[in-house]
Amino acid sequence: LVGQYENIDIIISCDCVWLVSMMDGVLNSVASIFEMSKSDDITFLMSFQRRDTKEGNKSDTFTTVERVLASVQERGWTSKCLAWRPVVVKGEDDFKQEKEVFIFEIKP
């Protein structure tokens, strides 16, 4: 199994940690690949759409940008925002909200 991961030099995830309950599973999987890869320049590219609620970082449901970055930093990894764009999403009753989408480059 380790041999399958030795040559990985890039991991890509798109909007996979928007729920708090998803964060540890995704980052633990990335950590395992980081450890097994023999690449000197392995990179994790992660897109993330902001879904902040009134509770902010205290939300039990939705992950915030700050929570994502704190979780990355707690693991001793570095992160850099490669891109940021506003997007309009359709909410309840056709109400349109402007949100933000980020692309982060994360390295061990």
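What counts, and at which threshold
Residues numbered from 1 in each chain as written. Predicted model: local features only at pLDDT ≥ 70, side-chain atom pairs only at ≥ 80, totals over all residues. Heavy atoms only, no water. Phe/Tyr/Trp six-rings, centres within 6.5 Å; stacked < 30°, edge-to-face > 60°. Helix = DSSP H or I, 4+ residues; strand = E, 2+ residues; numbered from the N terminus. Buried < 20%, exposed > 50% of the residue type's maximum accessible area, 1.4 Å probe, protein only. Axes fitted to C-alpha atoms, helices over the stretch in contact; angles between N-to-C directions. Parallel < 35°, antiparallel > 145°, perpendicular 65-115°, else oblique. Left-handed = near helix turned anticlockwise from the far one by under 90°. Contact = heavy atoms within 4.5 Å. Nonpolar A, V, L, I, M, F, W, Y, C, P; charged D, E, K, R; others polar. Arc of directions from axis to C-beta.

Trainee: What exactly am I supposed to notice about the packing of aromatic side chains here?
Mentor: Any two aromatic rings considered together are summarised by their centre-to-centre distance and by the angle between their planes. Under the criterion given, the structure shown has 3 aromatic pairs. Seen from their ring centres, F34 and W77 are 4.9 Å apart, and the 70° between their planes marks the pair as edge-to-face. Separated by 43 residues along the polypeptide, F34 in helix 2 (residues 20-36) and W77 in the loop between helix 3 (65-74) and strand 3 (78-90) bring together distant segments of the chain. In this pair, the class of F34 matches that of W77, namely buried. Geometrically, the ring pair formed by F102 and F104 is stacked, given 5.6 Å between the ring centres and 5° between the ring planes. Both residues of the pair, F102 and F104, count as buried.

Trainee: How should the packing of helix 2 against helix 3 be read in this particular structure?
Mentor: Between two packed helices, what matters for the description is the angle formed by their axes and the separation of those axes. Contact geometry for helix 2 and helix 3: axes closest at 11 Å, N-to-C directions at 30°. With respect to helix 3, the element helix 2 is oriented roughly parallel. Crossing handedness for the pair helix 2 and helix 3: right-handed. The segment helix 2 lies against helix 3, with V20, M23 and L27 engaging R67, V68 and S71. Residue composition of the contact of helix 2 with helix 3, grouped by class: 4 nonpolar, 1 polar and 1 charged.

Trainee: What should I look at first to understand helix 3 in this one?
Mentor: Along an α-helix, residues three or four apart share an orientation, since each turn contains 3.6 residues. For helix 3, the set of buried residues is V65, V68, S71 and V72. Considered in projection along helix 3, the buried side chains sweep an arc of 135° and stay on one side of the axis. Among the exposed residues of helix 3, those oriented more than 90 degrees off its buried face are Q73 and E74. Of the surrounding elements, those touching the buried residues of helix 3 are helix 2, strand 2 (43-49), strand 3 and strand 4 (96-107). Taken from the residues just after helix 3, G76 is the one with a positive phi, measuring 80°.

Interpretation in functional terms is not warranted from these geometric data alone.
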